[in-house]
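# Coordinates in review
Residue strings, one per chain:
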Amino acid sequence: MISKTGQIVIGLFKEAASVLNLLFDILYWIIIGPFKGKTARRQSIFHQMVFCGVNSSVIVFFVTLFTGIVLAMQSAYQLEKMGAVIYVASLVAVSLCRELSPVLTGLVVAGRIGSAFAAELGTMKVSEQIEALDTMAINPVRFLAVPRFLALLFMLPCLTILGNIAGILGGFIVGTGSLHINPDLYLQTTFKYLAIKDIYTGFTKSFVFAMIIALIGCHEGLNTKGGAEGVGRATTRSVVISFILIILADCVLTALFYFTKV
């Protein structure tokens, strides 16, 4: 049992070291300048931005919209007993901007985009296209991982903004339609208690989540082994690991913001 536990711990450390090594490689190539006279690389980044952001906007919108609706209905059930139904507006807005919108958006993108990264790069790995890039003196990290990393780092905060708006809209629909709150009063209450720190807290989380999703997806794809079965295994691992790390990072960041009174 001790030997097995040691093997697991050592494996986790090796995996973490490999992911950190990939992060340093990506940062190195970003600093060196992947844009320098490389139109094709810029187009690749824009293509990934459309794939990561625009194509994910619909599902993020509806997930956060329905979350805002459910949150408004559930909170109204309790607040109505205390005669404080109007505070549904602020509760929905603050909860979404600080916590729910970045986390739900991160999980949706991890399931959709992180798995796609792992599957695409894993297929290239098992079909020896990665080795072909090495043969042509093209660095795979610079050519494949950097555009995906930059695209997701930019688009996930944008999707989080969309999630904030959609969630507040969901609460507005319930508040004005079912709870019969005056629309102007609902909006005034929403923005009265929604502080700037609530917004940048969610923004900070979205940047961290974007790094996690891109790194895990690219790492699992670039280290795929075992043919088609290995591609499926890498895709599953990328989603599971991303989910776990997103929840863990959310817990750490929430505790950091809470105890530092940020």
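Scope of this entry: the structure provided in the associated data block. These numbers come from a predicted model, not from an experiment. (Residues numbered from 1 in each chain as written. Predicted model: local features only at pLDDT ≥ 70, side-chain atom pairs only at ≥ 80, totals over all residues. Heavy atoms only, no water.)

### Quick look at the overall build of the chain
To keep things clear, this is the line we draw: Strands are runs of DSSP state E lasting at least 2 residues, helices are runs of H or I lasting at least 4, and numbering of each runs from the N terminus. Note that accessible areas follow from Shrake-Rupley with a 1.4 Å probe, and for residues the cover is restricted to the protein chains shown.
Counting secondary structure elements, the chain contains nine helices and zero strands. Across the chain, helices and strands are ordered from the amino to the carboxyl terminus as α-α-α-α-α-α-α-α-α. In terms of overall dimensions, the chain has C-alpha extents of about 70 × 55 × 35 Å along its principal axes. Accessible area of the chain: about 13600 Å², with a carbon and sulfur share of 71%.

### Comments concerning the packing of aromatic side chains
The condition that has to hold: Only rings of Phe, Tyr and Trp enter the pairing, Trp through its six-membered ring, and a pair is recorded when the two centres are within 6.5 Å. The plane angle decides the type: under 30 degrees is stacked, over 60 is edge-to-face, the rest tilted. Partly exposed residues are those whose accessible area sits between 20% and 50% of the maximum for their type, while under 20% is buried and over 50% is exposed, using a 1.4 Å probe and protein chains only. In this scheme, Lys NZ or Arg CZ marks a charge over a ring once it lies within 6 Å of the ring centre and within 35 degrees of the ring normal.
The tally for this structure, following the rule as stated, stands at six aromatic pairs. Ring geometry for Phe172 against Tyr186: centres 5.6 Å apart, planes inclined by 80 degrees, an arrangement best described as edge-to-face. Of this pair, Phe172 sits in helix α6 (residues 140–177) while Tyr186 sits in helix α7 (residues 183–193), placing them 14 residues apart in sequence. With a relative accessible area of 23%, Phe172 lands in the partly exposed category. Grouping aromatic residues by their ring pairs yields a cluster made of Phe61, Phe62 and Phe66. Arg112 extends its terminal NZ or CZ atom over the ring of Phe51, reaching a point 5.3 Å from the ring centre.

### What to know about α6
To keep it simple, the criterion reads: In this scheme, a helix's expected span is set at 1.5 Å multiplied by one less than its residue total. Bending is quantified residue by residue as the angle between axes fitted to the seven-residue window ending at that residue and the seven-residue window starting at it. Whenever a nitrogen or oxygen atom comes within 3.5 Å of another N or O atom, the pair is scored as a polar contact, on the condition that within protein one atom can donate a hydrogen and the other can accept it, and that pairs from neighbouring residues in sequence are kept only if both atoms are in side chains.
In this model α6 runs 53 Å from its N-terminal to its C-terminal C-alpha over 38 residues, within 8% of the 56 Å that 1.5 Å per residue would give. Along α6, the sharpest change in direction is near 35 degrees and occurs at Val146; proline Pro147 comes one to four residues later. For α6, the N-terminal capping position is held by Asn139, with its side-chain oxygen 2.9 Å away from the main-chain nitrogen of Val141.

### What to know about helix α4 (residues 88–126)
Approximately 60 degrees is the largest bend angle found in α4, and it occurs at Leu96. Remark: Glu128 follows α4 within two positions and exhibits a positive phi of approximately 65 degrees.

### A look at the environment of Pro147
Applied cut-off: By definition in these notes, contact holds between two residues if any of their heavy atoms fall within 4.5 Å.
Following the sequence through the fold, Pro147 ends up in helix α6. When the C-alpha positions of Pro147 and Gly106 are compared, they lie 19 Å apart, and in sequence the two are 41 residues distant. The contacts of Pro147, once residues within four sequence positions are left out, are Ser44, Ile45, Gln48 and Arg142.

### Side note on the pattern of salt bridges
What counts, and what does not: When a carboxyl oxygen of Asp or Glu is within 4 Å of a side-chain nitrogen of Lys or Arg, the pair counts as a salt bridge.
Enumeration according to the criterion identifies eight salt bridges in this entry. Across the pair Lys205 and Asp250 runs a salt bridge whose closest N-O atoms are separated by 3.0 Å. Linking Lys205 in helix α8 (residues 196–222) with Asp250 in helix α9 (residues 227–259), this pair joins segments that are 45 residues apart in sequence. Side by side, Lys205 and Asp250 carry an identical accessibility label, which is buried. Among the salt bridges present, the one from Glu220 reaches Arg237, with a minimum N-O distance of 3.0 Å. Here Arg237 lies in helix α9 and Glu220 lies in helix α8, a separation of 17 residues in the sequence. A residue is classified by how much of its surface remains accessible, and Arg237, at 35% relative accessible area, is partly exposed. A cluster of three or more residues bridged by salt bridges with shared partners is formed by Glu15, Glu220 and Arg237.

### Side note on a nonpolar patch on the surface
Counted only if it meets this: Only residues whose relative accessible area exceeds 30% and that take part in no salt bridge are eligible for patches, with like-charged residues grouped when within 9 Å of each other and nonpolar side chains (Val, Leu, Ile, Met, Phe, Trp, Tyr) grouped when within 5 Å.
Taken together, the side chains of Leu20, Phe24, Leu27 and Ile31 define a hydrophobic patch exposed on the protein surface, amounting to about 430 Å² of accessible area. Mapped onto the secondary structure, Leu27 falls in helix α1 (residues 2–32).

### Side note on the packing of α4 against α9
Any two packed helices are characterised by how steeply their axes cross, that is the angle between the axes, and by the distance between the axes. As a reminder of what qualifies: Note on geometry: axes are C-alpha line fits, over the in-contact stretch for helices, and angles between N-to-C directions span 0 to 180 degrees. Oblique is the label for any angle not covered by the other classes, which are roughly parallel (under 35 degrees), roughly antiparallel (over 145) and roughly perpendicular (65 to 115). Should the near helix be turned counterclockwise from the far one by less than a right angle, the crossing is left-handed, whereas a clockwise turn marks it as right-handed. Charged residues are taken to be Asp, Glu, Lys and Arg, nonpolar residues to be Ala, Val, Leu, Ile, Met, Phe, Trp, Tyr, Cys and Pro, and polar residues to be all remaining types, Gly included.
Closest axis-to-axis distance for the α4/α9 pair is 8 Å, and the angle between their directions is 155 degrees. Accordingly, the angle class assigned to the pair α4 and α9 is roughly antiparallel. The element α4 and its partner α9 pack so that their crossing is right-handed. Split into classes, the residues belonging to the contact of α4 with α9 amount to 13 nonpolar, eleven polar and three charged.

### Points about the nonpolar core
What counts is decided by this rule: As used in this record, nonpolar core signifies buried Ala, Val, Leu, Ile, Met, Phe, Trp, Tyr and Cys residues forming a set joined through side-chain atoms within 4.5 Å.
In this structure, Ile26 and Leu152 are the most contacted members of the largest nonpolar core, which totals 44 residues. Listing elements by their share of this core, those giving two or more residues are α1, α2 (39–52), α4, α5 (129–135), α6, α8 and α9. Element by element, the count of residues in this core is highest for α6, at eleven residues. If sequence neighbours within four positions are ignored, Leu152 has contacts with Cys52, Val109, Ile113, Phe117, Pro157, Ala210, Ile213 and Ala214. In terms of nonpolar packing, the next biggest core, distinct from the first, is built from 16 residues, Val85, Val88, Leu96 and Val174 among them.

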